[in-house]
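Here is how the chains run, residue by residue.
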Amino acid sequence: MNKEKIALLVDSGTDVPQELIEQYGMYMIPLQIIYKDRIYTDKVDITPEEVYERLPIEIPSTSLPDGETITKIFEQIKADGYEKVLAVTISSGLSGTFNVVRLIGEDIEDLETFVLDTKNIGIGSGLQAIEAAKLIDAGATWEELIDAISKNVQKAKVFFNVATLEYLQKGGRIGLVASILGNALKLNPIISCNEEGIYHTVAKARGRKKSLDKTFELVKSFIGEHKKFVLAVAQGQAVEEAEQFYEKLQVNFPQAEKIYFGTISPALVVHTGPGLLGIGIQLLD
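Residues numbered from 1 in each chain as written. Predicted model: local features only at pLDDT ≥ 70, side-chain atom pairs only at ≥ 80, totals over all residues. Heavy atoms only, no water.

## Regarding the layout of surface pockets
Operational definition: Buried and open spaces are told apart on a 1 Å grid over the protein atoms alone, a cavity being a set of points where a 1.4 Å probe fits but cannot get out and a pocket being an open set with protein on both sides within 12 Å along at least five of seven lines. Residues with an atom within 4 Å of a point are the lining residues. Grid points are joined across faces, edges and corners, and a volume is the space filled by probe spheres set on the points. For helices the rule is a DSSP run of H or I covering at least 4 residues; for strands it is a run of E covering at least 2, with both sets numbered from the N terminus onward. Residue ranges labeled as domains rest on an automatic or database domain assignment.
There is about 260 Å³ of room inside the largest pocket. Together, 20 residues line the largest pocket, and V16, P17, Q18, K43 and T263 are the ones closest to its centre. Listing elements by their share of the lining of the largest pocket, those giving two or more residues are α1 (18-23), β11 (229-236) and β12 (258-263). With four residues, the top contributor of residues to the lining of the largest pocket is β12. Split by domain, the lining of the largest pocket shows at least three residues from each of two domains, domain 1 (6-152) and domain 2 (155-283).

## Concerning the packing of aromatic side chains
This is how it is decided: Aromatic pairs are defined between Phe, Tyr and Trp rings, using the six-membered ring for Trp, whenever the two ring centres lie within 6.5 Å; interplanar angles under 30 degrees are classed as stacked, those over 60 as edge-to-face, and all others as tilted. Relative accessibility under 20% of the residue-type maximum defines a buried residue, over 50% an exposed one, and the middle range a partly exposed one, all with a 1.4 Å probe and only protein chains included. Whether a charge lies above a ring is judged from NZ of Lys or CZ of Arg, which has to be within 6 Å of the ring centre and within 35 degrees of the ring normal.
As enumerated under the stated definition, the model contains seven aromatic pairs in all. Arranged with centres 6.0 Å apart and planes meeting at 90 degrees, the rings of Y27 and Y82 form a pair that is edge-to-face. Of this pair, Y27 sits in strand β2 (residues 27-29) while Y82 sits in the loop between α3 (67-79) and β6 (84-89), and the two are 55 residues apart along the sequence. When the centroid spacing of 5.9 Å and the interplanar angle of 40 degrees are considered together, the rings of F216 and F253 count as tilted. Of this pair, F216 sits in helix α9 (residues 208-223) while F253 sits in the loop between α10 (239-252) and β12, and the two are 37 residues apart along the sequence. Classification of F216 as buried rests on a relative accessible area of 4%. Within the aromatic cluster, the residues linked to one another by ring pairs are F216, F229, F245 and F253. Lying across the ring of Y35, R54 places its NZ or CZ 3.8 Å from the centre. Positioned over the ring face of F216 is K248, at 4.4 Å from the centre of the ring.

## Observations concerning α9
The line we're drawing: Here a helix's expected span is defined as the number of its residues, less one, multiplied by 1.5 Å. Read the arc as the range of directions from the helix axis to the C-beta atoms. In this analysis, two residues are considered to be in contact whenever any of their non-hydrogen atoms come within 4.5 Å of each other.
With 16 residues, α9 should cover 22 Å at 1.5 Å per step; its first-to-last C-alpha distance of 23 Å lies within 8% of that length. Looking only at α9, the buried set comprises R208, S211, L212, T215, F216, L218, V219 and I223. Looking down the long axis of α9, one finds its buried residues gathered within 160 degrees of arc, a one-sided arrangement. What points out from α9, more than 90 degrees from its buried face, is the exposed set K209, K210 and S221. Looking at the buried residues of α9, the elements they touch are β8 (156-161), β9 (187-193), β10 (199-206), β11, α10 and β13 (276-283). Trailing α9 by a residue or two, G224 shows a phi angle of about 50 degrees, which is positive.

Any link to function would need more than the numbers given here.
And the structure:
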């Protein structure tokens, strides 16, 4: 029971599956996808498929909604009777969302706000938000909640494979992923976020199949001896591979509390291009 009237706010880049946003009554800040002729709202009036279809013609850019939009969401939370807001955002190393939400949150009267920098992206951030929702549901106090989720940052990881590095490069999100050589040698890098929350290459493999096998090994080694964890598979135009990976996780990790399956947000599609497969892990013990 949510005694302390705590609202949970996420940005759309955390890729929390829609049914969980509804189940837990999460509020969402949608990122924006900017084409020459118009601006779309992530997950609201554009689908990942539409972005893929248009990529050969135009690679859009992405940005935060304006301050006014974010302020309105905070005002709505207050109007709905909440006294505290936990906001969970994608890594401050990859997006300005964290800082903007923090600054706006500080200005809203009669609403206590804590913004969590997940140092992660996509479902790597989303799993942290889902765990926060469960804690709020279970009646955690504000202090317990902040303590637990702050510790969860170190215990969450995402590994993802992209079919090409072209889009990360064009979007300026390449971080520490060396790109030139990779494309020439058909090396598929496995990308994650480092402790600063910036993309880096964790491993490389030649060809897609080896790259996915290597990803599985990385997942296994991150889980290690842990007994309690949740997993998630997120895909962008890689449905078959994602389903196979999902089954492989089910077979190998029957002890997982839950394995989520979903699509990445249109805003993330812009930066990764087609053929994306991401695996998220949140350790719980």
